[in-house]
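# Per-entry structural report
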Amino acid sequence: MSGDWLSVAAQNIDWAPFMRMTQYLGAGLAMGLGAIGAGVGEGYNAAATVDAISRQPSAAGDLTRVMLVGQAVAETSGIFALVMAFVLIFLTPVPCAEAMGAFLGAGLAMGLGAVGSGVGAGVAGARAAAGIGRNPRTRGHVTIMMLLGQGLASSPAVFALVIAVVLAFAQQFQKYVGNDPVAAVSAMSAGLCIGAGAIGPGFGAGVAAGGACEGTARRPEANNQLMRVMLVGGAVSQSTCIYAFVIAFILIFFI
Amino acid sequence: MEDAIVKAAALLGAGLAMGFGAIGPGVGEGFAAGKACEGVSRRPEEASLLTRTMLIGQAVSESTGIYSLVIALLLIFLFGK
């Protein structure tokens, strides 16, 4: 640690109240931002299902069941955010400057990280409902494709959860116990990096999965080819999320 | 050896660069994959051509994500250490 004014000033402050502040702020950010994606995604899914039922009322039972399954998967990112908010509220850490950055980072990581996955899983469910509405016989194939695609779309939220958990529990491993301002900002930056980085890939993989679901409904015999294209395309769209994950790890462990 | 505040800003910049830089390529590549799936469902016999075109398009769309990665690594290891 260098001996300049910021580092010296950081040694002479009582960080305890500020640390509680960032814990509650981080919990608010995690749950507030984290609720956006799941809410929008599930609403979009329900809207598409209602639209499909109005066109094909005889498939209402199947469509409602598929909607509920799809919404349950889209909900997972919101539940991750809820768990993270609880963790941040009830944690009792050692007061220090670095912990502040870690808690803000954990909140930002999980809050922003849940947005893309929630919307993406909702888009996949919505396109699946549209496809089943047009061609109710294919509901088995379409449901499997939807679940696979939603799993792909949810993986950025899992990356964000991993970083958020590492940041929140770092003090258990004697990390983030000092008053280095650089490490504090680095921890917050890591959370921001994976959080924002998970938005795009989550949404993109959801769009890819949606295309595959509609395609399966249109031509169920091309199921295998569609699954291959969806997995390759979805995996490529995840790559930027993996870059963000790597940068977040570097920011946490190599600074 | 930079001042602590300069190092902190470089690290924050790295997080911002990679975080927000990853949004666009992720969404764009997803659109490409979605349209490729639709294309395969219309003409399954052209699947390999569609997959190849999708991958080329995604590689171009990926480039800005790689710029972000390079800038983030530069900020961390040149100014953040």
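Structure: see above.
Now for a description of the structure that goes with this document.

Before going further, it helps to spend a moment on the overall build of chain A. Within chain A one finds 7 helices and 0 strands. Overall, chain A shows an N-to-C arrangement of helices and strands of α-α-α-α-α-α-α. Its C-alpha atoms give chain A principal-axis dimensions of roughly 70 × 30 × 25 Å. Looking at chain A residue by residue over its 255 residues, the buried ones come to 59%.

Time to look at the nonpolar core. In globular proteins that are soluble, nonpolar side chains generally tend to be buried together. Within the largest apolar cluster, 53 residues are counted, with the highest numbers of intra-cluster contacts made by Met 84, Met 110, Leu 167, Tyr 176, Ile 194 and Ile 247 of chain A together with Met 18 of chain B. Secondary-structure elements contributing two or more residues to this core are helix H2 (16-55), helix H3 (60-90), helix H4 (97-134), helix H5 (139-168), helix H6 (181-218) and helix H7 (223-253) of chain A together with helix H1 (4-21) and helix H3 (47-80) of chain B. In this structure, Leu 167 of chain A is in contact with Ala 102, Gly 105, Ala 106, Tyr 176, Ala 187, Gly 191 and Ile 252 of chain A, ignoring residues within four places of it in sequence.

A few words on the interface of chain A and chain B. Listed as interface residues are 47 residues of chain A and, on the opposing side, 45 residues of chain B. Approximately 3700 Å² of surface area, both sides summed, lies buried where chain A meets chain B, with 75% of it carried by carbon and sulfur atoms. Contact with chain B buries area across many residues of chain A, yet Val 229, Tyr 243 and Ile 247 of chain A alone supply 15% of it, more than any other trio. Here chain A is connected to chain B by 1 salt bridge. The residue Glu 38 of chain B makes a salt bridge to Arg 127 of chain A at a minimum N-O spacing of 2.5 Å. Summed over the shared surface of chain A and chain B, the result is 15 residue pairs in polar contact (both at pLDDT 80 or more). Among the secondary structure elements, those contributing two or more residues to the side of chain A that touches chain B are helix H1 (5-11), H6 and H7 of chain A. With 21 residues, H6 of chain A is the largest single contributor of residues to the side of chain A that touches chain B. Of the residues that constitute the side of chain A that touches chain B, the class distribution is 28 nonpolar, 15 polar and 4 charged.

Next up on the list: a nonpolar patch on the surface. All names here are of chain A. A cluster of nonpolar residues, Tyr 24, Leu 82, Phe 86, Ile 89 and Phe 90, forms a patch on the protein surface that exposes about 510 Å² of accessible area. Ranked by residues supplied to the nonpolar patch, first place goes to H3 with 4 residues. Counting through the fold element by element, Phe 90 comes out in helix H3. Residue Phe 90 is classed as exposed on the basis of its relative accessible area, which comes to 62%.

This structure, assessed with the given rule, holds 7 salt bridges over all chains. When the shortest N-O distance is used, the salt bridge between Asp 62 of chain A and Arg 65 of chain A registers 3.2 Å. Placement of both Asp 62 of chain A and Arg 65 of chain A in helix H3 is noted, with a separation of 3 residues, approximately one turn of the helix. Across the salt bridge formed by Arg 43 of chain B and Glu 45 of chain B, the nearest N and O atoms sit 3.4 Å from each other. Of the residues examined, Arg 43 of chain B reaches a relative accessible area of 47% and is grouped as partly exposed. Classification of Glu 45 of chain B as exposed rests on a relative accessible area of 56%. Each of the salt bridges in this network shares a partner with another, and the network as a whole consists of Arg 127 and Glu 214 of chain A together with Lys 35 and Glu 38 of chain B.

Turning our attention to the layout of surface pockets. Residue and element names in this part refer to chain A. A volume near 260 Å³ is recorded for the largest pocket. Looking at the largest pocket, it is lined by 13 residues, and the ones nearest its centre are Trp 15, Ala 97, Met 100, Pro 181 and Ala 184. Those elements that provide at least two residues to the lining of the largest pocket are H1, H4 and H6. Class assignment for the residues of the lining of the largest pocket results in 12 nonpolar, 1 polar and no charged.

Residue and element names in this part refer to chain A. Note that Gln 238 resides in helix H7. According to the relative accessible area criterion, Gln 238 is buried, its value standing at 6%. In this structure, Gln 238 is in contact with Leu 152, Ser 155, Pro 156, Phe 159, Pro 201 and Ala 205, ignoring residues within four places of it in sequence.

All names here are of chain A. Summed over the entire model, instances satisfying the criterion amount to 6 aromatic pairs over all chains. Pairing Trp 15 with Phe 18 gives two aromatic rings, centres 5.9 Å apart and planes at 65 degrees, and the pair type is edge-to-face. Classification of Trp 15 as buried rests on a relative accessible area of 15%. Its guanidinium or amino end placed over the ring of Tyr 176, Lys 175 lies 5.0 Å from that ring's centre, counting from NZ or CZ.

Relative to each other, H7 of chain A and H1 of chain B sit at 165 degrees, their axes nearing to 9 Å. Comparing the axis directions of H7 of chain A and H1 of chain B gives the class roughly antiparallel. Classified by chirality, the crossing of H1 of chain B by H7 of chain A is left-handed. The residues of H1 of chain B that touch H7 of chain A, namely those facing Thr 240, Tyr 243, Ala 244, Ile 247 and Leu 251 of chain A, are Leu 11, Gly 15 and Met 18 of chain B. Split into classes, the residues belonging to the contact of H7 of chain A with H1 of chain B amount to 6 nonpolar, 2 polar and no charged.

Reading the values: the criteria
Residues numbered from 1 in each chain as written. Chains lettered and ligands numbered in written order. Predicted model: local features only at pLDDT ≥ 70, side-chain atom pairs only at ≥ 80, totals over all residues. Heavy atoms only, no water. Helix = DSSP H or I, 4+ residues; strand = E, 2+ residues; numbered from the N terminus. Buried < 20%, exposed > 50% of the residue type's maximum accessible area, 1.4 Å probe, protein only. Core = buried A, V, L, I, M, F, W, Y, C linked by side-chain atoms within 4.5 Å. Contact = heavy atoms within 4.5 Å. Buried area = accessible area lost by both parts, 1.4 Å probe. Salt bridge = Lys/Arg side-chain N within 4 Å of Asp/Glu carboxyl O. Polar contact = N/O pair within 3.5 Å; in protein donor to acceptor, adjacent residues only side chain to side chain. Nonpolar A, V, L, I, M, F, W, Y, C, P; charged D, E, K, R; others polar. Patch = residues over 30% accessible without salt bridge, like charges linked within 9 Å, V, L, I, M, F, W, Y side chains within 5 Å. Areas by Shrake-Rupley, 256 points an atom, 1.4 Å probe, with all protein chains shown as cover. 1 Å grid on protein atoms, 1.4 Å probe; cavity = no way out; pocket = protein on both sides within 12 Å on 5 of 7 lines; lining within 4 Å. Points joined across faces, edges and corners; volume = space filled by probe spheres on them. Phe/Tyr/Trp six-rings, centres within 6.5 Å; stacked < 30°, edge-to-face > 60°. Lys NZ or Arg CZ within 6 Å of the ring centre and 35° of its normal. Axes fitted to C-alpha atoms, helices over the stretch in contact; angles between N-to-C directions. Parallel < 35°, antiparallel > 145°, perpendicular 65-115°, else oblique. Left-handed = near helix turned anticlockwise from the far one by under 90°.

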